[in-house]
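Close look at the chain arrangement
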Amino acid sequence: MKKINISTYVTTFILLFVLAVICSLIGYANDKGTLVFTPTTEFLMKLHSMFKFPADITGYSGFTKNIYGIVAGITLSVLLYSFAFERFIFCLKSLKK
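How each quantity is defined
- Residues numbered from 1 in each chain as written.
- Predicted model: local features only at pLDDT ≥ 70, side-chain atom pairs only at ≥ 80, totals over all residues.
- Heavy atoms only, no water.
- Helix = DSSP H or I, 4+ residues; strand = E, 2+ residues; numbered from the N terminus.
- Contact = heavy atoms within 4.5 Å.
- Areas by Shrake-Rupley, 256 points an atom, 1.4 Å probe, with all protein chains shown as cover.
- Salt bridge = Lys/Arg side-chain N within 4 Å of Asp/Glu carboxyl O.
- Buried < 20%, exposed > 50% of the residue type's maximum accessible area, 1.4 Å probe, protein only.
- pLDDT = per-residue confidence, 0-100.
- Expected span 1.5 Å × (residues − 1).
- Axes fitted to C-alpha atoms, helices over the stretch in contact; angles between N-to-C directions.
- Parallel < 35°, antiparallel > 145°, perpendicular 65-115°, else oblique.
- Left-handed = near helix turned anticlockwise from the far one by under 90°.
- Nonpolar A, V, L, I, M, F, W, Y, C, P; charged D, E, K, R; others polar.
- Phe/Tyr/Trp six-rings, centres within 6.5 Å; stacked < 30°, edge-to-face > 60°.
- Lys NZ or Arg CZ within 6 Å of the ring centre and 35° of its normal.

Regarding the overall build of the chain
The number of helices and strands found in the chain is five helices and zero strands. The N-to-C order of helical and strand elements in the chain reads α-α-α-α-α. For the chain, contacts bridging at least 24 residues in sequence account for 68% of all contacts bridging at least 6. When the accessible surface of the chain is summed, it comes to about 7000 Å², and 73% of that surface belongs to carbon and sulfur atoms.

Some thoughts on the pattern of salt bridges
Throughout the structure, instances matching the rule amount to one salt bridge. A salt bridge links Arg87 to Glu86; the shortest N-O distance between them is 2.9 Å. Given the relative accessible area of 12%, Arg87 is considered buried.

Re the confidence of the model for the chain
For the chain, the average pLDDT comes to 80, and 85% of its residues sit at 70 or higher. The lowest-confidence element of the chain is helix α4 (residues 60-63), averaging 56 in pLDDT; the highest-confidence one is helix α1 (residues 6-32), averaging 87.

Some thoughts on helix α5 (residues 67-96)
Because each turn of an α-helix spans 3.6 residues, side chains separated by three or four positions end up pointing in the same direction. In a regular helix each residue adds 1.5 Å, so 30 residues correspond to 44 Å; α5 covers 43 Å between its end C-alpha atoms and thus fits that length. Taken together, the buried positions of α5 are occupied by Gly69, Gly73, Ile74, Ser77, Val78, Ser82, Glu86 and Arg87.

So, the packing of α1 against α5
One way to put it is that α1 packs onto α5 with a least axis distance of 8 Å and a crossing angle of 135°. When the axis of α1 is compared with that of α5, the two are oblique. In the packing of α1 onto α5, the handedness of the crossing is right-handed. Counted together, Thr8, Tyr9, Thr12, Phe13, Leu16, Phe17, Ala20 and Ser24 of α1 and Ile74, Thr75, Val78, Leu79, Tyr81, Ser82, Phe83, Phe85, Glu86 and Ile89 of α5 form the full contact between these two elements. Split into classes, the residues belonging to the contact of α1 with α5 amount to 12 nonpolar, five polar and one charged.

Remarks on the packing of aromatic side chains
As enumerated under the stated definition, the model contains one aromatic pair in all. Both rings, one in Phe13 and one in Phe17, keep their centres 5.9 Å apart while their planes meet at 25°; by these two values the pair is stacked. Taken as a pair, Phe13 and Phe17 lie in helix α1 at a separation of four residues, close to a single helical turn. For Phe13, a relative accessible area of 21% puts it in the partly exposed group. Classification of Phe17 by relative accessible area gives partly exposed; the value is 26%. The lysine or arginine in question, Arg87, covers the ring of Phe90, its NZ or CZ lying 4.6 Å from the ring centre.

See the structure below:
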């Protein structure tokens, strides 16, 4: 496994973190019953279940219910997804060569 491209990793981390926060806010609004359903919000609701998956599968979300636990769970999920996405980009670049 080659070295990780830090700039790609940080860029994907920031973009995915912003998207995960937006999806978490939409998921919270859906739980409270105040969400207005549009095609965009329905798509982001589907992404919400994808973003919370790594933290849920490890059981992390069951331990903590405060804001720090939610942010840590989102960060854990985004760290894993940004690493996978960076490796995917690396594989695409290596196929081009």
